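A closer look at the structure
What follows is each chain in one-letter form.
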Amino acid sequence: MDSNEKIKISESEFNYAQEVIKKLSDYFDAKVVGQEQLKFSLIGAIIADGHILIESVPGLAKTTAAKAISDAVDGKFMRIQCTPDLLPGDIIGTQIYNQANGKFETILGPVFANFVLLDEVNRSSAKTQSAMLEAMQEKQVTIGGTAYRMPEDIFIVIATQNPIEQEGTYPLSEAQTDRFLIKEVITYPLAADEVEILNRIETGVISQVAPPVLTIKDVDKVQDICEKVYVDDAIKWYISSIVVASRRANQIQGTDVGKYVRIGCSPRASIAFLKMAKAAALMQGRTYVIPEDVKMVRHQVLRHRIGLNYAAVADNVTVEQVIDGIVNSVQTP
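Once a new chain begins, its residue numbering starts again from 1 and follows that chain's sequence as written. Totals for whole chains, interfaces and linings use all residues, but because this is a predicted model, local features are given only for residues with pLDDT of at least 70 and pairs of side-chain atoms are given and counted only at 80 or more. As a convention, hydrogens and water are excluded, and side-chain values are obtained from all of the structure's heavy atoms.

Aromatic pairing here means that ring centres of Phe, Tyr or Trp (its six-membered ring) are within 6.5 Å. Orientation follows from the plane angle: under 30 degrees is stacked, over 60 is edge-to-face, and everything else is tilted. In the structure shown here, the tally under the stated rule is one aromatic pair. Sitting above the plane of the Tyr16 ring, Lys221 keeps its charged end 4.1 Å from the centroid. A cation over a ring is seen here: Arg286 above Tyr288, with NZ or CZ 5.7 Å from the ring centre. Each ring is checked for a lysine NZ or an arginine CZ that lies within 6 Å of its centre and within 35 degrees of its normal; such an atom marks a charge sitting over the ring.

The next point concerns the environment of Leu53. Numbering of helices and strands runs from the N terminus, with a helix taken as a DSSP run of H or I at least four residues long and a strand as a DSSP run of E at least two residues long. Assignment of secondary structure puts Leu53 in strand S1 (residues 52-55). Type-normalised accessible area, obtained with a 1.4 Å probe on protein chains alone, sets the label of each residue: buried when under 20%, exposed when over 50%, and partly exposed for intermediate values. Here Leu53 falls in the buried class, since its relative accessible area comes to 0%. Residue contacts are counted whenever heavy atoms from the two residues lie within 4.5 Å of one another. If sequence neighbours within four positions are ignored, Leu53 has contacts with Val121, Ala159, Gln161, Leu172, Phe180, Ile182, Lys183 and Glu184.

Before going further, it helps to spend a moment on the packing of helix H1 (residues 11-31) against helix H3 (residues 62-71). In this description, a line fitted to the C-alpha atoms serves as the axis of each element, helices being fitted only across the stretch in contact, and the angle between N-to-C directions of two axes falls anywhere from 0 to 180 degrees. At a minimum axis separation of 9 Å, H1 and H3 run at an interaxial angle of 140 degrees. Here H1 lies oblique to H3, going by the angle between them. Between H1 and H3 lies a crossing whose hand is right-handed. Every residue of H3 that contacts H1 at Leu24, Tyr27, Phe28 and Lys31 is listed here: Thr64, Ala65, Ala68, Ile69 and Asp71. Counted by class, the contact of H1 with H3 contains six nonpolar, one polar and two charged residues. Comment on the angle field: the value is read as roughly parallel under 35 degrees, roughly antiparallel over 145, roughly perpendicular from 65 to 115, and oblique elsewhere. With the far helix as reference, a near helix turned anticlockwise by less than a right angle produces a left-handed crossing, and one turned clockwise produces a right-handed crossing. Residue polarity follows a fixed list, in which Ala, Val, Leu, Ile, Met, Phe, Trp, Tyr, Cys and Pro are nonpolar, Asp, Glu, Lys and Arg are charged, and the others, Gly among them, are polar.

Now the structure itself:
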């Protein structure tokens, strides 16, 4: 098949995907008030088959949102509460000596699930964080020299972290954060949303348990449909140009964002752009990607991949401002 030839999405597949996306959206809305951007990122990451890192101050429903979106699917969900004394074996599993038969037996850890919530991931040590690298990238873990595969259908890690608490935390390394397809930052809710939260708590709506509305096969099928979303070569060049510009930010004309960039993006950023742009297009009701889809996901894809220097901190420049400067410097096709 020629590289420009694509398998088209049939009408039945498109309608099926839209139905699944709507069910995920409705389930999320029933559990979480507002946070439309977080909903978009969570659903996008799931149908793009990628891991997501969620950051916010305490109390903004990071864990509630992550569990809500996974509860919508009838799959295996595991929550791992990260603490400084958490060991790698507590996550991936370990070998235990059985005195009865004189042999070592492998006990698999909670990471072997369809949806894994790493709550407050930056509270675990660097050694424990690194235990997830193989699982997130290769979808397998090695215990005692033997590789064990993650669930074949769906394996998605949803990690949360608190940016303001520094004591007892271990910042994620660049290698770790790069494994996340996207990073979403949650802001405070609007006053009207906060009133709705109080109303739901008062009526007991939030505590009500709702049954799953989808199966793992449903999500797996939508992921396959998402991969078929058409991306023109001009869009791919656009994505590549943005990522390359992040590595040469000091050469961008008409803006001084380059002086704030310590490190640019790896090719994983281009891959993440491609996947998330496809997901964004499908969620917008299209079977093809347009430049606006790429721009829509620019912050989620790049904010954890562009490293800023101390000059950015001194000048109070955010990574989102740097991203906007980089994207605006690239001509839109």
